Amino acid sequence: MTFDPTEKDERRAEAPGADDAPGPAGPRPEPAPDGAAPPVDGAAEPAGNGGSEVEQDLNDLVEEARSQRDEYLELAQRTKADFDNYRKRMASENQAAAQRGRLDVVGGLIDAIDNLERVLDAAGIDRAEALEGEIPTESPIAEQGVIVAWRDLHAVLRRAEVEVYPPAGEPFNPAYHEALQAIPAEGTEPGTVIEVIQRGYRSGETVLRPARVVVTQ
């Protein structure tokens, strides 16, 4: 049998081409829009709630910042209140310390005044006249010096707001008086100061030295 190459070419032309062969069964993929990459088989779709998660994170950060702001504000207010209380307490303590120091000095002056008054009494000089009247020039220099010193010390007490009180005729008050003796006295209410042995000194309500007195029974 003779082979004819022309016959083989004709059969090949009649057979369907590789391009016309049907593909695998299944739907054909949709064409990708212009400028977009075709989808990759097996790739995950982007999460649809990504924006809400970001918004929630921002809200959490804002709430945390507000909470810290409130804590710092409360801390600052509490610190300021504590400092104000400390400042007031220190001012009060300093004032009290200055008052105690002043009264300690005054206590020493009172002892000196007592000694000068003993000299005045021994010399027969009236205390009221020595305090308010003219200094007698005919008196010895020593007596004149005692009167001047006594006046100066009393002036210091007045500037320190210290007052002397002889409570003769007043009802006995244990807060201001020290009873050395109690004696009967006609026509006088019991518990009345009838004699002052030693005058008292006070600064406001603070008693520097109670008055030593004799009271009635």
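Residues numbered from 1 in each chain as written. Predicted model: local features only at pLDDT ≥ 70, side-chain atom pairs only at ≥ 80, totals over all residues. Heavy atoms only, no water.

Enquirer: Lay out the overall build of the protein chain with the relevant residues and their values.
Expert: Along the protein chain, the regular secondary structure elements total four helices and six strands. Mapped in sequence order, the helices and strands of the protein chain form the string α-α-α-α-β-β-β-β-β-β. A burial count over the protein chain gives 18% of its 217 residues as buried. Residue pairs at least 24 apart in sequence account for 60% of intrachain contacts in the protein chain once pairs closer than 6 positions are excluded. (Helix = DSSP H or I, 4+ residues; strand = E, 2+ residues; numbered from the N terminus. Buried < 20%, exposed > 50% of the residue type's maximum accessible area, 1.4 Å probe, protein only. Contact = heavy atoms within 4.5 Å.)

Enquirer: Quick rundown of the pattern of salt bridges? Include the residues and the values.
Expert: Evaluation of the coordinates by the stated rule reveals ten salt bridges. For Asp84, the salt bridge identified is with Lys80, shortest N-O distance 3.2 Å. Highlighted residues: Asp84 and Lys80, both in helix α2 (residues 50-122), separated by four residues, approximately one helical turn. For Lys80, a relative accessible area of 56% puts it in the exposed group. Measuring nitrogen to oxygen at the nearest pair gives 3.4 Å for the salt bridge that ties Arg127 to Glu117. Here the residue Arg127 occupies a position in helix α3 (residues 127-132), and Glu117 occupies one in helix α2, the gap between them amounting to ten residues. Beyond isolated ion pairs, a larger network of salt bridges with shared partners links Glu117, Asp121, Arg127 and Arg199. (Salt bridge = Lys/Arg side-chain N within 4 Å of Asp/Glu carboxyl O.)

Enquirer: Break down the confidence of the model for the protein chain for me, citing the residues and quoting the values.
Expert: Confidence in the prediction for the protein chain averages 80 pLDDT; 77% of positions are at 70 or higher. Ranking the elements of the protein chain by mean pLDDT puts helix α1 (residues 5-14) last, at 51, and strand β6 (residues 211-216) first, at 95. (pLDDT = per-residue confidence, 0-100.)

Enquirer: Please give an account of the sheet that holds strand β5 (residues 206-209) that cites residues and values.
Expert: Sheet architecture is open: three strands sit in the order β1-β4-β5, paired in antiparallel fashion. Among the strands making up the open sheet, the edge pair consists of β1 (163-165) and β5. The mean inter-strand angle of the sheet, taken between neighbouring strand axes irrespective of direction, is 35°. Inspection of the sheet shows β1 paired to strand β4 (residues 200-203) by three bridges, in the antiparallel sense. The residue of β4 that forms the bridge with Val164 is Tyr201. (Pairing = 2+ DSSP bridges. Axes fitted to C-alpha atoms, helices over the stretch in contact; angles between N-to-C directions.)

Enquirer: How would you sum up the sheet that holds strand β2 (residues 177-183)? Please name residues and give values.
Expert: What the three strands build is an open sheet, ordered β2-β6-β3; its pairing is mixed. The two strands at the open ends of the sheet, each matched to only one other strand, are β2 and β3 (193-198). Across the sheet, the mean angle from the axis of one strand to that of its neighbour is 30°, orientation sign disregarded. Bridge analysis of β2 against β6 gives six bridges, and the strand direction is parallel. Residue pairing in the sheet places His177 in a bridge with Ala211 of β6.

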